[in-house]
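Read off the chains here:
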Amino acid sequence: MRTAARFALSRRVSQMEPVITRFPPSPTGALHIGGARTALFNWLFARSLGGRFILRIEDTDVERSTQESVTAILDAMQWLDLNFDEGPYYQTSRLDIYRDYARKLKDSGHAYWCECSAEELEVRRNKAMAEGRKPKYDGACRSKGLCEGPNRVLRFYTPQSATTVLNDLIKGPIEFDNSELDDLVILKSDGFPTYNFAVVVDDITMGITHVIRGDDHVNNTPRQILIYRALGAKLPEFAHVPMIHGEDRSPLSKRHGATSVMEYEKMGFLPEALINCLVRLGWSHGDQEIFSRSELIEKFTLENVGKSPSIFTMERLLWLNAHYIKEKSPQELLAHLKPFLARRSYPEKSDDFLTGAIRTLQTRTHTLEEMAEAMAFYMEDAIRFEPEAATKFLTKDMGAVFLRLISELSELEAFDEASLEPVFRNTAKELEVKLGKIAQPVRVALTGGTKSPGLFEIMEVLGKEAVVERLQKGLEFILAA
RNA sequence: GUCCCCAUCGUCUAGCCCGGUCCAGGACAUCGGCCUUUCACGCCGACGACACCGGUUCAAAUCCGGUUGGGGACGCCA
């Protein structure tokens, strides 16, 4: 549903200073589907308005942050081609900045030191939950006038009266009663900033104009708004995008299968397919399903982002991937396919042979992995017949047909579809069998099975020598039967 | 428990702001048909939804209220 407020806000957007968006993953794992879509929306929004896109690594959780995760995230961003204009910035190298801002807050009377221990707090929280109360900090240290010291945290003085309104670009105005909020920690006892404080400081100092993020952050926003105000800083626009769920409507997680972006690369998906799939989760442009990158940049707007969560399934991704496989040139596909071929340790083949083979499989495969697998009969020198197929089609009465075909084909000059087809038609006519009757046996001899690309296209790719050889092997089977 | 958000075919969604053009459109999936040397592709068709209850109105998928359902948040995680 659209609201007047949304339009008013977004109209204002286009007339303001250049937009700056950011994607701030915490390096505690790979880049997953949900994160990738958030990154994509931020990237798209910035690109569509000629703005800047910043990558910021939120690594203040020293326990869980790893360099491997940073690398994995960077790789995934690169694979999806979500290039950033600044960064990656690391929060751990901006500690002085957070301390400065924390001091400002303390000096202006917006923060106070607290000596309550984590364990103690935990107990109080559980008790509150058990009694059916909202588990917020009780403000025990509010007026103790404590100084900085070991094991002490700095807390933000949250006003307990009035309300805070978040004018969300996607969800419209959302009002929070300040009494629902508590005095959140802004500096941990180890001196590191907490998330809610660090984002605000970063977004202020980096000049972020639009915060586009998952709507699991909606509840954090009023706290952040209060901090902006205490700091006397201008608010950015906020846009909270609905989350992506698994098929059981629970948040996407491991048990729903692949969640990390790079797993999809390994499964044989093209980045443009994933992008196209992700962008349509929560965003649409009329009835259009397929978008090129430039179309996305041209057409993306926050107004067309929906409010309700969506479920990620593979059906659509598979279809999109098949679409892009059909659309790409065999040469382009070959570049993407090579790693998959290598993994199967097929014999070496020329690029010409490979692109010829690819061309015949483009309408028949959904993923690069599938294609690499389907390529087997082209690649392996000795093909093995599927037992059922061989006994059904490589029958005695085919002996004469194979014999004839072998001699005719051996003498053929040009070995392409156009010259191959007449040979088969004539053979069928003269031996008084239907073309359909001889096609399957030949297919079995050539590919080992009963499903394949068109006979003549296969033969053209394989070449005369290989075709005749395979036909001969087929004949041997027939005679032995 | 408290607060916040959301609710159209199985799935992604259009329509909702500005009520009639919607006995709700598209796409994926599924099923059927056509094409055809197999399998695909392509084309054609079928199936299939406004969560529920009230209200406002001549008229509601669209506006209002409630119910139910789902999700999120409540950390010295981000």
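Residues numbered from 1 in each chain as written. Chains lettered and ligands numbered in written order. Predicted model: local features only at pLDDT ≥ 70, side-chain atom pairs only at ≥ 80, totals over all residues. Heavy atoms only, no water.

J.: So what exactly am I meant to see when it comes to the overall build of chain A here?
T.: Of the regular secondary structure elements, chain A holds 21 helices and twelve strands. Taking 481 residues into account, the globule formula puts the C-alpha radius of gyration at 23 Å, and chain A, at 32 Å, lies well above it. With the C-alpha coordinates of chain A rotated into their principal frame, the extents come out at 105 × 45 × 40 Å. Per-residue burial over chain A gives 49% buried out of 481 residues. Partitioning the contacts of chain A with sequence separation of at least 6, the portion at a separation of at least 24 is 77%. If you sum the accessible surface of chain A, you get close to 23000 Å²; carbon and sulfur atoms cover 51% of it. Positive and negative side-chain charges in chain A, numbering 61 and 69 respectively, have mean positions lying 5 Å apart. (Helix = DSSP H or I, 4+ residues; strand = E, 2+ residues; numbered from the N terminus. Rg over C-alpha atoms; globule rule 2.2 N^0.38 Å. Buried < 20%, exposed > 50% of the residue type's maximum accessible area, 1.4 Å probe, protein only. Contact = heavy atoms within 4.5 Å. Areas by Shrake-Rupley, 256 points an atom, 1.4 Å probe, with all protein chains shown as cover. Lys, Arg positive; Asp, Glu negative; His and termini not counted. Charge placed at Lys NZ, Arg CZ, Asp CG, Glu CD.)

J.: Is there a simple way to explain the sheet that holds strand E8 (residues 185-187) in this structure?
T.: Sheet strands pair by backbone hydrogen bonding; their relative direction is either parallel or antiparallel. Read across the open sheet, the three strands follow the order E4-E5-E8; overall the sheet is antiparallel. Among the strands making up the open sheet, the edge pair consists of strand E4 (111-114) and E8. Mean inter-strand twist for the sheet, computed between neighbouring axes without regard to direction, equals 45 degrees. Bridge count between E4 and strand E5 (residues 153-156): four bridges; the pairing is antiparallel. Across the sheet, the residue bridging to Ala111 is Phe156, located in E5. (Pairing = 2+ DSSP bridges. Axes fitted to C-alpha atoms, helices over the stretch in contact; angles between N-to-C directions.)

J.: Where do I start with the protein's contact with RNA strand B in this structure?
T.: If you check the shell around RNA strand B, you find 67 residues, and the closest are Gly132, Pro251, Gly282, Thr363 and Arg364. A share of 68% is what sugar and phosphate atoms reach among the atoms of RNA strand B within 4 Å of the protein. Asp61 is positioned such that a nitrogen or oxygen atom in its side chain is 2.6 Å from a sugar or linking oxygen of RNA strand B. The contact in question runs from a base nitrogen of RNA strand B to an N or O atom on the side chain of Glu315, over 3.1 Å. Going through the elements one at a time, helix H1 (4-15), helix H5 (118-130), strand E7 (172-177), strand E12 (310-311), helix H11 (314-327), helix H19 (435-447) and helix H20 (455-462) are the ones with two or more residues in the surface near RNA strand B. Tallied by class, the residues present in the surface near RNA strand B amount to 22 nonpolar, 22 polar and 23 charged. (Near = heavy atom within 4 Å. Polar contact = N/O pair within 3.5 Å; in protein donor to acceptor, adjacent residues only side chain to side chain. Nonpolar A, V, L, I, M, F, W, Y, C, P; charged D, E, K, R; others polar.)

J.: Just checking my understanding: could you explain the confidence of the model for chain A for this structure?
T.: Detailed reading of the predicted coordinates is not advisable wherever pLDDT falls low. In this model, chain A carries a mean pLDDT of 92, and residues with pLDDT of at least 70 account for 97%. For this predicted complex, the interface score ipTM comes out at 0.95, while the overall pTM is 0.93. (pLDDT = per-residue confidence, 0-100.)

J.: Would you mind showing me how to read the sheet that holds strand E2 (residues 52-57) here?
T.: One open sheet accounts for three strands, arranged E1-E2-E3; its pairing is parallel. Two strands lie at the open edges of the sheet, namely strand E1 (20-23) and strand E3 (86-90), each paired on one side alone. Averaged over all pairs of adjacent strands, the angle between their axes in this sheet comes to 25 degrees, without regard to strand direction. Note: E1 against E2, four bridges, orientation parallel. From the neighbouring strand, Arg22 faces E2, where its bridge partner is Ile54. Running over the sheet, helix H3 (residues 67-79) touches E1, E2 and E3 and is turned about 160 degrees from E2.

J.: Quick question: what am I supposed to make of the state of the cysteines here?
T.: By definition, a disulfide links two cysteine residues through a covalent bond between their sulfur atoms. Under the counting rule described, the total for this entry stands at zero disulfides. A disulfide-free cysteine, Cys147 has its sulfur positioned 13 Å from the sulfur of Cys141, the nearest such atom. Note on Cys147: relative accessible area 54%, which makes it exposed. (Disulfide = S-S within 2.5 Å.)

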